[in-house]
Amino acid sequence: MKPQNAGGGVFVLDAKNFHCDQNLNGALDASNVRAGLPALKCRINSQNKRGTSAGQPFGEGRAMTELLQKVQGSNPPGGAAFSDCGMGYCGIFAKSIKCTIDTKIGNFSNGGRWSCVFTDGQ
């Protein structure tokens, strides 16, 4: 995903239909090097469907899912849908993630240059 220049030092990132499949590999087999480690695959322009291959792979899924978990845990909650979480699987979906980056901001004490809006589509 590349930021789009909105003019005046402002750039916009817009991700539609962000979906992740998170599988938790149980630590049952000590010889398995992936035992106990979560596997995460994320896509944009995708379907909110387990195991989907629609859309394009999104490489920074781990950072985005951590951010979406914080958004979901905020007050009031919202912005992302977490489904079927249990039994080693969790599906994560955001209908839209739109972020603006204002490169003119020099004072980072008021939140910095980034501002994002998350829509869960429910």
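Note: the structure precedes this text.
Notes on the structure in this doc start here. Going along each chain's sequence as written, the residues are numbered from 1 onward. For a predicted model such as this one, the threshold for reporting local features is a pLDDT of at least 70, and the threshold for listing and counting side-chain atom pairs is 80 or more; totals across whole chains, interfaces and linings nevertheless cover every residue. Each side-chain value is derived from all of the structure's non-hydrogen atoms; neither hydrogens nor water enter the calculation.

**Quick word on the overall build of the protein**
Here is step 1: Strands are runs of DSSP state E lasting at least 2 residues, helices are runs of H or I lasting at least 4, and numbering of each runs from the N terminus. A tally of regular secondary structure across the protein gives one helix and seven strands.
Here is step 2: Secondary structure elements in the protein, listed N-terminal to C-terminal, are β-β-β-β-α-β-β-β.
Here is step 3: Scored against the burial criterion, the 122 residues of the protein give a buried share of 30%.
Here is step 4: Should any heavy atoms of two residues lie within 4.5 Å, those residues are counted as being in contact. A separation threshold of at least 6 residues defines the contact pool for the protein, and within that pool the share at least 24 residues apart is 50%. The classification of residues rests on relative accessible area computed with a 1.4 Å probe and restricted to protein chains. Under 20% of the type maximum is buried, over 50% is exposed, and intermediate values are partly exposed.

**Remarks on the pairing of strand S5 (residues 81-86)**
Here is step 1: By this definition, two strands are paired if DSSP reports at least two bridges between them. Across four bridges, S5 lies against strand S6 (residues 89-102) in antiparallel orientation. Paired with serine 83 across the bridge in S6 is glycine 91.
Here is step 2: The loop that links S5 with its antiparallel partner S6 comprises two residues; one of these, methionine 87, has a positive phi angle of about 55 degrees.

**Focus: helix H1 (residues 61-72)**
Here is step 1: A helix is expected to reach a length of 1.5 Å times the quantity of its residues less one. Compared with the 16 Å implied by 1.5 Å per residue over twelve residues, the 16 Å span of H1 between its first and last C-alpha is a close match.
Here is step 2: All of the buried residues along H1 are Gly61, Met64, Thr65, Leu68 and Val71. All buried residues of H1 project into a common sector of 115 degrees when viewed along the axis, lining one side.
Here is step 3: Buried residues in H1 make contact with strand S2 (10-24), strand S3 (38-44), S5, S6 and strand S7 (114-119). The arc in question is the one spanned by the directions pointing from the helix axis to the C-beta atoms.

**With respect to the state of the cysteines**
Here is step 1: Here, two cysteine sulfur atoms that lie within 2.5 Å of each other are counted as a disulfide. A complete count under the given rule lists one disulfide for this structure.
Here is step 2: What pairs with cysteine 20 in a disulfide is cysteine 42, and their sulfur atoms sit 1.9 Å apart. Because the sign of the S-S torsion sets the handedness, a value of about 110 degrees for the bond joining cysteine 20 and cysteine 42 places this disulfide among the right-handed ones. With cysteine 20 in strand S2 and cysteine 42 in strand S3, the pair connects residues that are 22 residues apart, well separated along the chain.
Here is step 3: Under the relative-accessibility criterion, cysteine 42 is labelled buried at 6%.

**Regarding unusual backbone geometry**
Here is step 1: You will see that asparagine 17, though not glycine, has its phi angle at about 50 degrees, which is positive.
Here is step 2: Assignment of secondary structure puts asparagine 17 in strand S2.
Here is step 3: One non-glycine residue with positive phi stands out, namely asparagine 45, at about 55 degrees.
Here is step 4: Residue placement: asparagine 45 occurs in the loop between S3 and strand S4 (56-57).

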